[in-house]
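The primary structure of each chain is shown beneath.
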Amino acid sequence: MHKLKLEARSQPSQMWSYASPVLALVCTVVIGVILFSLLGKDPMKGLQVFFWEPIKSGYAVGELLVKATPLLIIALGLAVCFRSNVWNIGAEGQYILGAVGASGVALMASPSMGGWIVVPVLLAGVLAGMFWAGLTAFLRDRFNANEILVSLMLVYVAVQVLNFLVFGPWKDPLGYNFPQTKTFEAITRIPRLFAGSRVSIGIFFALIGVGVIWIFFFRTRSGFAQQVGGLAPAASRYAGFSSRRALWTALLISGGLAGLAGALEVAGPIGQLTPYVPAGYGFAAIIVAYVGRLHPVGMVFSAVLMSMFYIGGELAQSRLGLPKSLTGVFQGLLLFSLLACDMLVNYRLRWIALGGPK
Amino acid sequence: MDSYALLIAATLNAGTVLAIASLGLLINEKAGIVNLGAEGMMLCAAIAGFACVVHTGSDTMGFVAGAATGALMAAVFGGLVVWLNTNQYATGLALTLFGTGFSAFAGINYVQAQIPERPDFAIPYLSDIPLVGPALFHQHPLVYLTVVFALGLIWFLYRTRSGLILRSVGESPESAHALGYPVRWIRMGAIMVGGALCGLAGAYLSIIYTPLWVEGMVAGKGWIALALTTFATWRPARVLLGAYLFGGVTMLQFHLQGVGVEVPSQVLSMLPYLATIVVLAFISRNPRWIRINIPAAMGKPFYPGS
């Protein structure tokens with residue numbers, strides 16, 4: 001008789017902390033292949049749609065980056081939260097508010113204005129996102145209300161704010177009664193990098209964000225304080241780091257970044273405010289953050305991977321006649337697999353002989 | 001006056017969905033487990049139950065399918081959380097993200113589907129009483145069973161030995177383990193019962209309450225049910241009360257729309273979520289209140305020998 005036992009490692013395994021996301025992806029792909037077979041679709045076609053089509057042409061890679069940009073920007077902020085043990089899961093709401101804030105400024109712009117108008121558009125998005133996350137921080141700080149539930153509830157409220165605006169005061173009077181704003185003036189649109197691709201300068205924001213967050217985490221005192229508070233609250237208190245400050249910092253940074261992502265999205269690829277602005281990026285970014293090990297560079301890879309899932313889902317719909325929601329299934333599976341595989345970071349598996357000689 | 005009777009009836013109906021799920025989550029939390037996957041389990045159970053009724057025509061089968069779906073998903077969550085020691089919040093979140101995607105995926109062919117006309121669930125004689133009859137006695141049997149279940153749960157948790165053991169696992173798993181109780185199996189059991197109840201709530205939503213399937217139809221009710229346990233400071237009777245209160249808030253928006261209040265419908269739709277936030281802040285404001293009542297080991301992993 002043998003029994004599988006978990007044995008705690010004396011130190012977390014460095015090797016497995018890198019290998020676990022890869023193993024998780026392998027598990028997800030295996031489950032995906034099984035799922036495709038069960039649905040009577042050719043699994044090779046499925047794999048091709050998810051992992052080859054999104055990178056096979058310059059245009060496809062561009063689309064991959066268009067979706068990876070908001071995911072990465074939001075995930076960077078969430079990594080700050082999760083490393084500080086602040087459970088902000090309402091990034092979707094902060095993203096929506098960012099889009100609303102940016103739209104508010106963009107709608108006021110007139111064609112005669114200069115290209116500088118993009119700056120206030122983005123700034124409005126950042127501030128709106130910060131405001132929405134700030135509500136969560138305030139309620140946690142002042143009333144001790146659970147930030148998981150508050151931030152999540154605020155997502156539903158944000159959706160209604162968006163709906164109210166596009167069905168009401170901001171509805172395009174010439175839009176055949178569709179619930180959407182008028183198309184923004186060309187001058188407010190985020191500049192694109194090249195003709196023939198939708199990639200905008202937003203990608204630079206994401207990459208600069210990677211650098212800034214890296215420096216914040218690993219080269220600044222406040223970034224250090226932030227993480228100590230997350231790992232060992234008692235030690236952090238003893239060191240005199242303020243937990244309130246850490247809470248506000250984490251939520252304002254992540255709210256601001258989610259807001260920026262929303263602003264880049266409405267003023268970029270979408271170009272108007274519609275009820276379809278919320279695409280679940282705020283939730284997918286949670287997975288991006290975890291799969292990227294909450295590390296700025298790791299999240300670059302996981303954001304591209306998650307973007308592949310999005311595009312793969314859309315292609316699965318048009319090419320294989322499968323519902324687009326397949327994306328969500330795979331995203332959830334990936335996070336599940338990752339959590340299971342992460343066990344190998346802290347434990348090793350041992351076969352223990354039962355009833356043998358002692 | 002009749003509109004008020006109907007409002008009360010609708011409140012009970014809406015509150016029942018929240019009450020079933022929240023009582024299930026309460027059982028989890030009493031054993032020290034927080035399952036943020038409630039929303040995902042309810043969604044998957046809603047489509048499983050609904051699909052089952054479409055194909056078999058039997059509500060009972062639908063409820064069974066819903067509860068089984070919830071229990072199965074909870075078992076996956078439990079396997080990870082209890083046996084592999086994963087973070088409860090992250091794992092629950094994964095369950096919700098997966099459930100949201102999977103239910104949309106599985107339900108794509110049921111969006112237009114119809115199920116047989118719901119019968120009138122009037123109780124003979126009692127339902128004929130003016131005002132009280134239409135308000136209280138025109139409900140699905142599960143509405144009354146929920147109240148019975150809540151009473152049973154109070155008895156179980158506070159009057160039986162098993163209930164005491166369950167609570168001890170949530171207060172101090174180390175002590176329970178030292179006394180020889182199988183802490184991990186008890187937690188696993190609590191997780192599965194909680195999942196089954198969330199599933200039942202999801203099935204009730206799609207089979208009786210709406211009754212139809214729409215993508216994302218749970219619309220945050222799983223999260224509100226999670227907030228309700230805090231709101232109730234982990235007391236079953238207050239969970240039930242809170243559930244009806246929030247059921248009332250949900251119904252109030254339709255009532256206000258019905259009587260033609262000059263407020264945009266989107267603002268009314270925010271009401272349940274805003275109410276949750278306000279109530280949560282109000283209850284959590286007093287840290288002592290929370291600390292006395294919260295199961296001490298809630299959200300904390302337990303691995304014997306670690």
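Calculation criteria
Residues numbered from 1 in each chain as written. Chains lettered and ligands numbered in written order. Predicted model: local features only at pLDDT ≥ 70, side-chain atom pairs only at ≥ 80, totals over all residues. Heavy atoms only, no water. Salt bridge = Lys/Arg side-chain N within 4 Å of Asp/Glu carboxyl O. Helix = DSSP H or I, 4+ residues; strand = E, 2+ residues; numbered from the N terminus. Buried < 20%, exposed > 50% of the residue type's maximum accessible area, 1.4 Å probe, protein only. Contact = heavy atoms within 4.5 Å. Buried area = accessible area lost by both parts, 1.4 Å probe. Nonpolar A, V, L, I, M, F, W, Y, C, P; charged D, E, K, R; others polar. Domains from an automatic or database assignment. Polar contact = N/O pair within 3.5 Å; in protein donor to acceptor, adjacent residues only side chain to side chain.

(A) Representation of the pattern of salt bridges within the structure. Residue and element names in this part refer to chain A. For the structure shown, the criterion picks out 10 salt bridges over all chains. In this structure, Arg319 and Glu53 form a salt bridge, with 2.9 Å as the shortest nitrogen-oxygen distance. Here Glu53 lies in the loop between α2 (43-52) and α3 (58-83) and Arg319 lies in helix α12 (residues 296-320), a separation of 266 residues in the sequence. By relative accessible area, which is 10% here, Glu53 ends up buried. One salt bridge connects Lys182 with Glu185, and the closest N-O pair in it is separated by 3.7 Å. Judged by relative accessible area, Lys182 falls into the partly exposed class, the value being 31%.

(B) Spatial organisation of the interface of chain A and chain B. Between chain A and chain B, the contact holds 39 residues from the first and 42 residues from the second. Among the residues of chain A in contact with chain B, Leu149(A), Met153(A) and Phe336(A) are the three that bury the most area, contributing 18% of the side total. Summed over the shared surface of chain A and chain B, the result is zero salt bridges. At the level of secondary structure, the elements contributing two or more residues to the side of chain A that touches chain B comprise α5 (118-143), α6 (147-167), α11 (281-291) and α13 (326-341) of chain A. Ranked by residues supplied to the side of chain A that touches chain B, first place goes to α6(A) with 13 residues. Residues that form the side of chain A that touches chain B fall into these classes: 32 nonpolar, seven polar and no charged.

(C) Quick look at the domain arrangement of chain A. Residue and element names in this part refer to chain A. Partitioning chain A into structural domains gives domain 1 (1-41 + 322-358) and domain 2 (66-318). One C-alpha centre belongs to domain 1, the other to domain 2, and the line joining them spans 30 Å. On the domain 2 side, the residues contacting the 16 residues of domain 1 number 13 residues. Both sides of the domain 1 and domain 2 interface together cover about 1,300 Å² of buried area, and 71% of this is carbon and sulfur. Among the residues domain 1 hides against domain 2, the three largest losses belong to Lys324, Gln331 and Leu334. Together they make up 37% of the total. Our count for the domain 1 to domain 2 interface comes out at one salt bridge. The closest approach of N and O atoms between Arg293 and Asp342, which form a salt bridge, is 2.7 Å. Counting across the interface, domain 1 meets domain 2 through five residue pairs in polar contact (both at pLDDT 80 or more). Secondary-structure elements contributing two or more residues to the side of domain 1 that touches domain 2 are α1 (14-38) and α13. In terms of residue count, the dominant contributor to the side of domain 1 that touches domain 2 is α13 (eight residues). Each residue belonging to the side of domain 1 that touches domain 2 can be placed in one class, and the counts come to nine nonpolar, five polar and two charged.

(D) Layout of unusual backbone geometry. In this model, Asn144(A) sits at a positive phi of 65°, which is unusual for a non-glycine residue. Relative to the helices and strands, Asn144(A) resides in the loop between α5 and α6. Look at Asn144(A) and you get partly exposed, because its relative accessible area is 29%. For Thr233(B), which is not glycine, the phi dihedral falls at a positive 40°. Structurally, the position occupied by Thr233(B) is in the loop between α10 (221-231) and α11 (236-258). Overall, the relative accessible area of 2% leaves Thr233(B) in the buried class.

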